[in-house]
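Results of the structural survey
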There are 2 protein chains.
Amino acid sequence: VAKRLQAVVSSSGGGSGDREAFRQAVVNTLERRLFYIPSFKIYRGVAGLYDYGPPGCAVKSNVLSLWRQHFVLEENMLEVDCPCVTPEIVLKASGHVDKFTDLMVKDEKTGSCYRADHLLKDFCKEKLEKDSTLPSVKVAELKHILAVLDDLSAEELGAKLKEYGITAPDTKNPLSDPYPFNLMFQTSIGPSGLSPGYMRPETAQGIFVNFKDLYYYNGYRLPFAAAQIGQAFRNEISPRQGLLRVREFTLAEIEHFVDPEDKSHPKFVDVADLEFLMFPRELQLSGESAKLIDLGEAVRKGTINNETLGYFIGRVYLFLTHLGIDKERLRFRQHLPNEMAHYAADCWDAEIECSYGWIECVGIADRSAYDLRAHTDKSGVSLVAHETYPEPREVEKLVITPSKKELGLAFKGNQKMVVEALEVLNQAEALEIKAALESKGEIEFEVCTLGKSVIIKKSMVSISMEKKKEHQRVFTPSVIEPSFGIGRIIYCLFEHSFYTRPSKSDDEQLNVFRFPPLVAPIKCTVFPLIKSQQFDEVAKIIARSLRSAGISHIIDITGTSIGKRYARTDEIGVPFAITVDSTSSVTIRERDSKEQIRVSIDEVASVVKEVADGQSTWADIMWRFPTHSASHVDD
Amino acid sequence: VAKRLQAVVSSSGGGSGDREAFRQAVVNTLERRLFYIPSFKIYRGVAGLYDYGPPGCAVKSNVLSLWRQHFVLEENMLEVDCPCVTPEIVLKASGHVDKFTDLMVKDEKTGSCYRADHLLKDFCKEKLEKDSTLPSVKVAELKHILAVLDDLSAEELGAKLKEYGITAPDTKNPLSDPYPFNLMFQTSIGPSGLSPGYMRPETAQGIFVNFKDLYYYNGYRLPFAAAQIGQAFRNEISPRQGLLRVREFTLAEIEHFVDPEDKSHPKFVDVADLEFLMFPRELQLSGESAKLIDLGEAVRKGTINNETLGYFIGRVYLFLTHLGIDKERLRFRQHLPNEMAHYAADCWDAEIECSYGWIECVGIADRSAYDLRAHTDKSGVSLVAHETYPEPREVEKLVITPSKKELGLAFKGNQKMVVEALEVLNQAEALEIKAALESKGEIEFEVCTLGKSVIIKKSMVSISMEKKKEHQRVFTPSVIEPSFGIGRIIYCLFEHSFYTRPSKSDDEQLNVFRFPPLVAPIKCTVFPLIKSQQFDEVAKIIARSLRSAGISHIIDITGTSIGKRYARTDEIGVPFAITVDSTSSVTIRERDSKEQIRVSIDEVASVVKEVADGQSTWADIMWRFPTHSASHVDD
């Protein structure tokens, strides 16, 4: 059943019922085999909180290891590890205290809380699905609402809820007007109650506030990247979508600091030939779907803003497909202008298709200088970079010299304010005044701090453009930020890896996760073929050699039938099974192909390690060892 | 200077001034090289919060990898990963809501908060150190207070503060009476404000609440262990001791579940021959110091309560010394009876000596059935294990059969309450009633739910001991819990690894961290001996091979003098330096011995990997390759 369902889900025509049945099959297996456990289950759990049980925890740890290897080690990134507890001022600077909100409505009688956009969305969807008598103008209206849902203001949302007579789903009571609810978990630092703090909603701010030290650590050279893996928190109003929208999750974030005037990347050539599904703005606006685009071309044509952004998009593609994400159900979608923050230069999401639809799993944004500037402004500490010129450069610079004597005589006690107002003129304003003074001899000049205009005469200020030698350029670096939702990636990976196959007797379907060896929670099992003290001894020797090679494994000498043991371990995605059928050599069976090879006992641990570490593939190994054709099992 | 200081610190006679100078030297290096950064430094930081900068983060990640390898993989532990946000009911059951407190006093005018015991401790210490005129009876009194400080109640502490006239340290204002302050960071889950939650103060509870699922996952077999690595939080009143007492930290905890009637351990023999510093209760009480004790003997003699506890003590010893903790400054101290929770069977701390004194870094406790019982009581979900007997066993069991007819006639509507009260009698009570009924025919019987006594007659209940066949035993497992403060271990490791040596010119001291290769943040550096395009190319080829072998490294082709480059990398503890001085072979220099060997370019990455992964030691490698005696450098 699941196989058919999966086929249906992959194709675009999959009905939502089929998708849900497929998801249920996956989630049942995940929960039964403890990949996940609803947290605090014996106390009836808490919505949006999940534990990783043993195999889930191992998968997560493998995914993070690969992430470190693929990104941090490959690019010599500076990894940091900052606390989750964050004082208010940091999140005030970043904008989270004021803007990290969702619109909420309350049941006016019971006080139950709902996300306003969810209620409107559910209403529109249900109408569209169930009411076949809907006039076409109404259909168009509801579809339009669904399209612009994320852009509606509190007032607009409130008006729509009223217009459609939407009430509280559980009680049918009237609802309050929508108002913003901040999604950060709030707490208090120290005993006084006077230092508000929050559990960080992302790990990025910990990197930004350390820019100065990290730039120093990197020998004052740009570009460089810092990275952080850690917990982030989001106090969702009403978590839905199971494992995809949770209240606490692991993020892995990279902040790549680069000169805004040079966003080229020396290693872009390594990824330029990749071709994969992209969904640029124009395709979305013209109602087309994502299509295969060459990465090099996308950057050349300006579809992707710059090489560095393109480089990371390529690297993210390689990372995800390496993990086992199906490349047919992975696309890079560009943000539409209205989705992007005003400061962002460009932004692409790696979206993975699963039974919930296309899910944003990695965001890759060119955030320009926004974050460093925000913290410079709030902290007063200048977060900038320097470029020392090989030769001093001659530049024209505006020089404004107020004549304090003349100004003092004219404005007495107000002199200081006038001087300051003159000194902060920008180039255009200054040159305008200069021209006016030269033509008319005086000009009316507004001094904000005085709240009035004064008359400036030619003798009171000298304005000129002078040539100066400059030795360096001072600038705020741009930030290119790939940000990975690790839990979402893992959940999608579970769906993409799941399949079923008939058991030999064909009376039931067996579940399999086809994890690549690198990701698999347990790399291999060791089974004696038959109950025998000799074989048990060999199995223990092999287990010991696996342990000292650092290979996670299960040894099972209980004597259960081999077929059952395979079924049990296929279901947690163990890629290799070692069967002990002699005292000199053993067979290794690969999970998906069921192919078997024969390997000597001394070599077996190093062979498994080679494939598990990703140094060789199963196909490589098949070449080197004799295949074993007599099937051991009812499998 | 630091070398001398270190010698002083190691010996017992070290003055506190020397210790502080040594600590300052270590901490300066740690902060300058970004092992640590005070969090949110540009906003003047938050007491008790620190970031790990790049080398610190790498050390932490290496320590955790080794922990996983040494504990989780070696024992096939079930690793889980639970959220930090925890609902109140869980921490109510564990006792943290009621008891996880420190006693606090407030400055009555400014509201500033202080830990009451800190103020009393500081007062006593200062008096003892500075007042040489103190009569001996007073000296004894103050020393006694320091000894029992942790056991003082709020009232006793308050009385002492008053008696000694202790005021607020900054303002000399009067202080409030001491009162308990809960050290958990509180928050609110969901938007309603009605679900209080806390940031977990330890990771253990996440494991306990999952006992049932984990026991199932382990095939209903005991013993088994679960493990968790994660953040924990403690809202300290006024953090002191720098990096040792922080508000957010990484814990690694193991909960080993075992049959309380059989705490033997099959692998105890593997550690029984270890001999190391132990500090059992008797030695502490008799004023002696820790001494070398054989682990097997300690368990045999009952100094350590049981084999499983002994096994973990041995494994912790191996883990810490493997990391590079000096075994002369590591001791296992047994808790005194007044330190232990009433339910604990035995408890030992791995204490590491550093400039702050002996610091508790790992706690290894036999917590008996306490935690599982607490969650069983609170949740109503039975957290127990079963032992199926090979043969059914005959046991005598109490059988209470109330006669509903007689009781109904006698008590009408109250019948149900009387029946229930009879059914929950324990064996002693029931047999007492049986005896009374047989001798007197009736008995007065208190029914709590009725709030009164009733008269029970012989005809109303039959009480007997019957022989029954039992097929299994149901019991609450005991928990043996090794709990690791990862940050504290790392800080002590930094102190134990730090030393200085003179530079060639002897005008300054160079700092070195002698991290073992497994722990070192960067495994090797690659330097061309002289500025040359050919050598630069070779350096890049080597860097590429290191990268694909997963070896963290620094390549430096800036042409700075080799001596300076060594000094810079010794200071972050890089164990190996590869110097490119030809196009066919290179030299590898070991950090502490400064010995060099010559290795061909093709082999260099695999050689470094071998030592960095701990498969070979430098001594092994020295045997295999020619030594290179001509020193390259002013080193």
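Check the entry above for the structure.
Basis of the calculations
Going along each chain's sequence as written, the residues are numbered from 1 onward. Numbering of ligands from 1 and lettering of chains from A proceed in the order in which they are written. Predicted model: local features are reported for residues with pLDDT of at least 70 only, side-chain atom pairs are reported and counted for 80 or more only, and whole-chain, interface and lining totals are derived from all residues. Side-chain measures here rest on the full set of heavy atoms in the structure, leaving out hydrogens and waters. Secondary structure elements are taken from DSSP: a helix is a run of H or I of four residues or more, a strand is a run of E of two residues or more, and numbering for both begins at the N terminus. Any helix carries an expected span of 1.5 Å times its number of residues minus one. Each residue gets one of three labels from its accessible area relative to the maximum for its type: buried under 20%, exposed over 50%, partly exposed in between, using a 1.4 Å probe on protein chains only. Residues reaching a pLDDT of at least 70 in both copies supply the C-alpha atoms on which the copies are superposed by least squares. Residues count as neighbours in contact if any of their non-hydrogen atoms are within 4.5 Å of one another. Within this analysis, patches are made of residues with over 30% relative accessible area and no salt bridge. Like charges are joined at 9 Å or less; nonpolar side chains (Val, Leu, Ile, Met, Phe, Trp, Tyr) at 5 Å or less. In short, Shrake-Rupley with a 1.4 Å probe defines the accessible areas, and a residue's cover is counted only from the protein chains shown. By definition here, a salt bridge exists when the distance from a side-chain nitrogen of Lys or Arg to a carboxyl oxygen of Asp or Glu is within 4 Å. Charged residues are defined narrowly, with Lys and Arg counted positive, Asp and Glu counted negative, and His plus the chain ends left uncounted. Lysine's charge is taken at NZ, arginine's at CZ, aspartate's at CG and glutamate's at CD. Buried area is understood as the total, over both parts, of accessible area removed when two parts are fitted together, assessed with a 1.4 Å probe. When DSSP finds two or more bridges between a pair of strands, those strands are recorded as paired. All axes here are fitted lines through C-alpha atoms, helices being fitted over the stretch that makes contact, and every angle between N-to-C directions spans 0 to 180 degrees. Any angle between 65 and 115 degrees counts as roughly perpendicular, while under 35 counts as roughly parallel, over 145 as roughly antiparallel, and the rest as oblique. Note: crossing handedness is left-handed where the near helix turns anticlockwise from the far helix by less than a right angle, and right-handed where it turns clockwise. In this classification, the charged set is Asp, Glu, Lys and Arg, the nonpolar set is Ala, Val, Leu, Ile, Met, Phe, Trp, Tyr, Cys and Pro, and all remaining amino acids, among them Gly, are polar.

It is worth spelling out helix 18 (residues 486–497) of chain B at this point. Quick reminder: α-helices carry 3.6 residues per turn. Residues three or four places apart thus point the same way. The end-to-end C-alpha distance of helix 18 of chain B, which contains 12 residues, comes to 16 Å, matching closely the 16 Å that a straight helix rising 1.5 Å per residue would cover. Listing the buried residues of helix 18 of chain B in full gives I486, G487, I489, I490, Y491, C492, L493, F494, E495, H496 and S497 of chain B.

This part is about the relation of the copies chain B and chain A. When chain B is brought onto chain A, the operation consists of a screw motion whose angular component is 179° and whose axial shift is 0.1 Å, with 0.7 Å RMSD remaining. The symmetry that links the two subunits is that of a two-fold axis. Taking the C-alpha atom as reference, chain B places T187 of chain B closest to the rotation axis, 2.8 Å from it. Here 100% of the contact residues of chain B are again contact residues in chain A; the copies associate through an equivalent surface.

Where like charges cluster on the molecular surface, the negative patch consists of D150, D151, E155 and E156 of chain A. Among the secondary structure elements, E156 of chain A is positioned in helix 8 (residues 154–163).

Contact residues are listed per partner, giving 73 residues for chain B and 73 residues for chain A. The junction of chain B with chain A conceals about 6,300 Å² of combined surface from both sides, 64% of it contributed by carbon and sulfur atoms. At the junction of chain B and chain A, the tally comes to six salt bridges. Among the salt bridges present, the one from R547 of chain A reaches E74 of chain B, with a minimum N-O distance of 4.0 Å.

Next up on the list: the environment of A272 of chain B. Residue and element names in this part refer to chain B. Examined against the element boundaries, A272 turns out to sit in the loop between strand 11 (248–258) and strand 12 (275–279). Under the relative-accessibility criterion, A272 is labelled buried at 15%. C-alpha separation for the pair A272 and V454, spaced 182 residues apart in sequence, amounts to 61 Å. When sequence neighbours within four positions are dropped, the list of residues in contact with A272 reads D294, L295 and G296.

We now examine helix 3 (residues 54–73) of chain B. Across its 20 residues, helix 3 of chain B extends 27 Å between first and last C-alpha, which sits within 8% of the 28 Å expected from 1.5 Å per residue. A large share of helix 3 of chain B lies buried, amounting to 16 of its 20 residues.

Attention now moves to the sheet that holds strand 5 (residues 101–106) of chain B. All names here are of chain B. Strand order in this open sheet of three strands is 6-5-7, and the pairing throughout is antiparallel. Of all the strands in the sheet, just strand 6 (113–115) and strand 7 (179–182) have a single pairing partner and so form its edges. Across the sheet, the mean angle from the axis of one strand to that of its neighbour is 55°, orientation sign disregarded. With four bridges connecting them, strand 5 and strand 7 associate as antiparallel partners. Across the sheet, L103 pairs through a bridge with P180, a residue of strand 7.

We now examine the packing of helix 6 (residues 116–130) of chain B against helix 8 (residues 154–163) of chain B. Residues and elements named next belong to chain B. For the pair helix 6 and helix 8, the least separation of the axes is 10 Å and the interaxial angle reads 40°. When the axes of helix 6 and helix 8 are compared, the pair comes out oblique. Two packed elements cross with a definite hand, and for helix 6 against helix 8 that hand is left-handed. Mapping the contact onto sequence places A116, D117, L119 and L120 in helix 6 and L157, K160 and L161 in helix 8. Residues belonging to the contact of helix 6 with helix 8 are distributed by class as follows: five nonpolar, no polar and two charged.

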